[in-house]
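# Fold and contact review
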Amino acid sequence: MTEHERTQVIDSSEETRLLTEVWRSPPGFFGWFTHVNQTSIGKRFIITGFVFFVLGGLLAALMRIQLSAPENNFLPPDLYNQIFTMHGITMMFLFAVPIMEGFAIYIVPLMLGTRDMSFPRLNAFGYYVYLIAGVAMYLALFLGMAPAVGWFAYPPLADARYSPGMGVDFYATVITFMEISALAAAVELIATIFKQRAPGMSLNRMPLFVWAVLVMSFMIVFAMPPLMVGSVMLALDRTVGTHFFIPGAGDPLLWQHLFWFFGHPEVYIILIPALGMISDILTTFTQRPVFGYTALVLSLVAIGFIGFGLWVHHMYTTGMPHLASNFFTAASSMVAIPSGVQIFCWLATLWGTRPRFATPLLYVLGFFFIFVIGGLSGVMVASVPFDTQVHDTYFLVAHFHYVLIGGAVFPLFGGLYYWYPKLTGRLMNETLGKVSFWLTFIGFNLTFFPMHYLGLQGMPRRVYTYLEPLGWGDINLFVSLSAGLLALGFLSSFINIFWSLKRGEPAGDNPWHADSLEWGTSSPPPAYNFRHIPVVIERHPLWEYQEGQDIPVVTGIRSDRRELLVTSLLDAHPQYRAVMPGPSVWPLLLAVAVGIGFGGFMFHNIFPVVGFVLSFIALAGWFWPRELTREVREESS
Amino acid sequence: MNRFSAIDASKLPSYAFSHCVPIWWGIIGLIVVEATVFASLVISFFYLQTNFPTWPPDGTQPPELLKPTLATLVLLASAIPMYWADSSIKEGKTFPLKVGPLISIALALAFLIMKVIEYRDIGFRWDTHAYGSVVWAIVGFHSAHVLALILKTSVVTTLAWQNYFNSKRRIGVTVNGLYWYFVVIIWIPLYMTIYWASHLLQS
Ligand code: HEM
Ligand SMILES: [Cu+2]
């Protein structure tokens with residue numbers, strides 16, 4: 001910094017006006033379809049994700065009503081099957097992954113101190129693909145033709161022979177779509193994190209949430225393609241008579257391998273960003289640097305790697321060779337090590353501090369409790385003999401809800417309460433927040449803990465009812481009532497969201513006195529995110545700044561077009577000023593073209609060809625440089 | 001709190017090359033994703049093979065090697081004019097960029113036509129047996145890539161004829177080239193799998 005002169009920056013209102021003009025998203029109904037700013041798209045992902053969470057939750061409520069008494073006939077068997085399948089698909093594909101991506105898309109560029117993602121239009125495209133997929137899936141449910149084969153859709157049950165009708169076709173299409181959306185988000189999150197950090201934010205100064213998103217994105221890049229291959233093969237088996245998964249002709253187990261090679265990392269794709277949120281929330285609410293930054297980063301990366309070596313533990317009962325089973329048992333238990341490192345670092349962070357027990361921290365503490373229980377049952381089912389006993393029973397249902405809800409949904413709500421002021425400019429109501437936490441926490445444990453017991457008693461999962469003499473009625477009734485309590489907990493958070501929108505306490509830029517850059521701009525951030533790109537000299541920039549010194553910033557980025565600063569990968573040295581694309585309708589058109597290609601395939605073989613041609617047209621329109629001649633003239637002069 | 005200017009970005013360039021540019025990373029990401037897709041297909045090929053006493057299954061001849069090898073050479077050759085164009089534009093020479101890609105496109109088209117002729121009477125279909133399914137899937141998927149390559153490159157070539165690219169503005173050419181090399185190179189393991197592995201496993 002010394003070689004630069006310390007010239008004071010004068011805010012010119014003319015520049016601010018220009019920036020506002022240039023980065024503005026077009027208003028109005030038709031304008032909505034052209035937005036590309038990361039704050040716009042991120043918010044859409046988050047809102048849509050929560051809508052699907054509510055839908056998936058309603059489906060769960062229907063299931064719990066059906067199961068509340070033995071031999072109940074509230075739901076007919078086939079509809080029950082459709083509903084639990086849709087619940088799984090919704091929660092895994094339409095809620096958990098997209099909402100984590102949504103938070104990443106909204107928060108990460110702010111944490112990095114940049115003005116947008118690397119590929120804003122790709123971002124918008126990813127959102128539309130997601131939206132189309134989700135709407136198509138629920139359309140199928142309302143038409144009574146949703147898949148009824150479970151969210152993992154094992155053949156031969158999922159083959160055309162045993163699942164006639166269009167349900168599984170919808171499944172295969174929608175899965176492929178969600179993969180495309182997730183891959184697009186992952187690739188551009190990686191590019192953004194690599195190339196758009198504020199000057200001085202070397203890799204070892206990145207907030208842990210950014211690290212977590214980076215690991216998540218890499219996992220998506222390697223986990224999703226095999227499933228995409230699998231889902232396309234499944235669609236081909238059903239429509240054009242290929243033999244990939246047909247018993248005797250091909251191999252149903254090939255699907256299981258492809259599915260779980262994706263499916264296990266999927267769990268970590270959901271969990272890892274949540275771990276990042278926890279580290280940052282803890283830093284803020286203890287007001288001290290997190291203990292063991294390097295250890296936390298390394299264990300995130302380790303979880304990312306080990307996550308790829310575990311998939312076969314979902315297939316113990318398919319008759320694996322012994323050696324393979326042993327290997328995967330060992331690998332599955334090994335993942336407890338980096339998870340343990342995380343927990344101990346967090347405990348050390350909390351040690352001896354007087355944390356501020358606001359709602360976000362409560363959700364994090366709730367996570368500790370629940371996730372440890374989920375981890376313990378996880379270590380149990382990682383061993384082959386135990387797993388063989390409880391496979392496909394409610395013990396498993398208890399286990400995976402403990403890790404999914406405890407590991408991802410609790411931190412997610414923590415993150416919601418934490419970042420809500422940044423998104424809206426207002427704090428959420430604390431009292432209601434605490435009420436919602438306790439309702440959710442108690443409701444959750446009362447709902448899912450007894451399921452361990454039901455599972456040990458032998459109650460199989462994925463059944464629409466059970467017989468009276470088995471004596472499971474009372475516990476199931478208790479579970480169902482508790483699920484109501486849990487629903488009330490979530491509901492009070494949703495009420496809080498709406499209530500605080502208008503009536504919440506104004507937040508200011510940095511209500512929690514947090515350390516990372518997203519709190520260094522106004523709440524909600526302007527369309528251009530930062531008036532001046534900050535320069536980072538330490539791991540906790542905002543804490544550093546507030547020691548009464550002047551804030552170092554970047555000047556000289558043009559305000560009359562969408563420009564941002566690109567920096568080097570390791571040290572974040574400024575490299576050049578990149579011009580970003582503005583609002584455009586092409587991402588929507590491309591998403592529709594891809595939709596016609598994949599969706600139409602359910603009806604006729606010609607549609608992929610049509611989709612291919614339309615996609616090409618949309619892509620050419622997307623990438624064709626506008627104002628070709630002017631740009632050429634300008635730059636060749 | 002006052003701000004002071006620690007970095008004046010107006011002195012920085014407004015363009016950059018290769019790995020400095022986010023889109024370069026975007027294309028690398030795309031390539032990694034697609035390589036994983038192809039790897040999954042190849043693994044599926046060998047996984048399915050373990051279910052059959054002979055592979056290709058009884059009644060299907062192993063593929064002949066001469067014509068596919070020729071086609072492979074044609075595809076490999078198509079990368080050369082692309083490379084020529086790519087490296088010339090770095091020095092500001094625009095002429096190679098106008099003709100190089102055209103030669104590449106012609107070679108890629110020749111490759112596609114050879115594939116069509118080969119598979120028109122290959123003697124098995126995707127619904128004949130699992131071998132047919134996976135072979136048609138691999139070849140079909142790769143051919144779709146070659147087709148996309150041709151379309152994409154024709155857009156780049158059109159822009160080149162309009163003198164859009166120069167020694168500074170050439171990231172579009174770089175990433176198009178990268179993708180071209182990828183589709184060409186990934187064909188080698190696919191070719192080895194479909195043709196050589198089928199042959200060796202048969203005998
Ligand atoms: C909101 C409260 C929730 C309740 C009351 C609930 C309840 C249930 C029930 C009753 C089942 C059926 C179990 C079976 O028969 O196998 C189920 C399955 C499942 N749930 Fe949840 N769930 C909730 C939230 C979630 C969340 C947040 C996720 C994921 C992030 C999730 C993921 C799944 C999955 C993957 C299945 C398996 C579906 C299948 O077998 O195809 N659930 N849940
Ligand atoms: Cu697993």
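It should be noted that the structure appears before, not after, this text.
Residues numbered from 1 in each chain as written. Chains lettered and ligands numbered in written order. Predicted model: local features only at pLDDT ≥ 70, side-chain atom pairs only at ≥ 80, totals over all residues. Heavy atoms only, no water.

## Things to note about the overall build of chain B
A tally of helices and strands in chain B yields 6 helices and 1 strand. Helices and strands in chain B line up, N terminus first, as β-α-α-α-α-α-α. C-alpha extents for chain B along the principal axes are approximately 75 × 50 × 25 Å. Burial statistics for chain B: of 203 residues in total, 52% are counted as buried. A separation threshold of at least 6 residues defines the contact pool for chain B, and within that pool the share at least 24 residues apart is 82%. Put simply, chain B shows about 8,900 Å² of open surface, and 70% of that area lies on carbon and sulfur atoms. Here chain B contributes 13 positive and 9 negative side-chain charges, whose respective centroids are spaced 16 Å apart. (Helix = DSSP H or I, 4+ residues; strand = E, 2+ residues; numbered from the N terminus. Buried < 20%, exposed > 50% of the residue type's maximum accessible area, 1.4 Å probe, protein only. Contact = heavy atoms within 4.5 Å. Areas by Shrake-Rupley, 256 points an atom, 1.4 Å probe, with all protein chains shown as cover. Lys, Arg positive; Asp, Glu negative; His and termini not counted. Charge placed at Lys NZ, Arg CZ, Asp CG, Glu CD.)

## Let's talk about the interface of chain B and chain A
With 55 residues of chain B at the interface, the matching set in chain A holds 62 residues. Summed over both sides, the interface between chain B and chain A buries roughly 5,200 Å², with carbon and sulfur atoms accounting for 68% of that surface. On the chain B side of the interface with chain A, the three residues burying the most area are Arg3, Phe4 and Ile7 of chain B, jointly 15% of the side's total. For the interface between chain B and chain A, the tally reads 0 salt bridges. There are 18 residue pairs in polar contact (both at pLDDT 80 or more) connecting chain B and chain A. Broken down by secondary-structure element, the contributors of at least two residues to the side of chain B that touches chain A are strand S1 (3–8), helix H1 (22–49) and helix H5 (130–161) of chain B. (Buried area = accessible area lost by both parts, 1.4 Å probe. Salt bridge = Lys/Arg side-chain N within 4 Å of Asp/Glu carboxyl O. Polar contact = N/O pair within 3.5 Å; in protein donor to acceptor, adjacent residues only side chain to side chain.)

## With respect to the coordination of the iron atom of ligand 1
Residues and elements named next belong to chain A. Only His87 (NE2) and His401 (NE2) from the protein coordinate the iron atom of ligand 1, and they sit 2.0 to 2.1 Å from it. Coordination at the iron atom of ligand 1 is octahedral, judged from the 6 donor atoms that bind it and the angles of 89 to 179° they form at the metal. Placement of the pair is His87 in helix H4 (residues 77–112) and His401 in helix H14 (residues 394–424), with a sequence separation of 314 residues. Taken as a pair, His87 and His401 share a single burial class, namely buried. (Donors = N, O, S within 2.8 Å, 3.2 Å for Na, K, Ca; no water. Tetrahedral: all angles 85-135°; square planar, octahedral: opposite > 155°, others 65-115°.)

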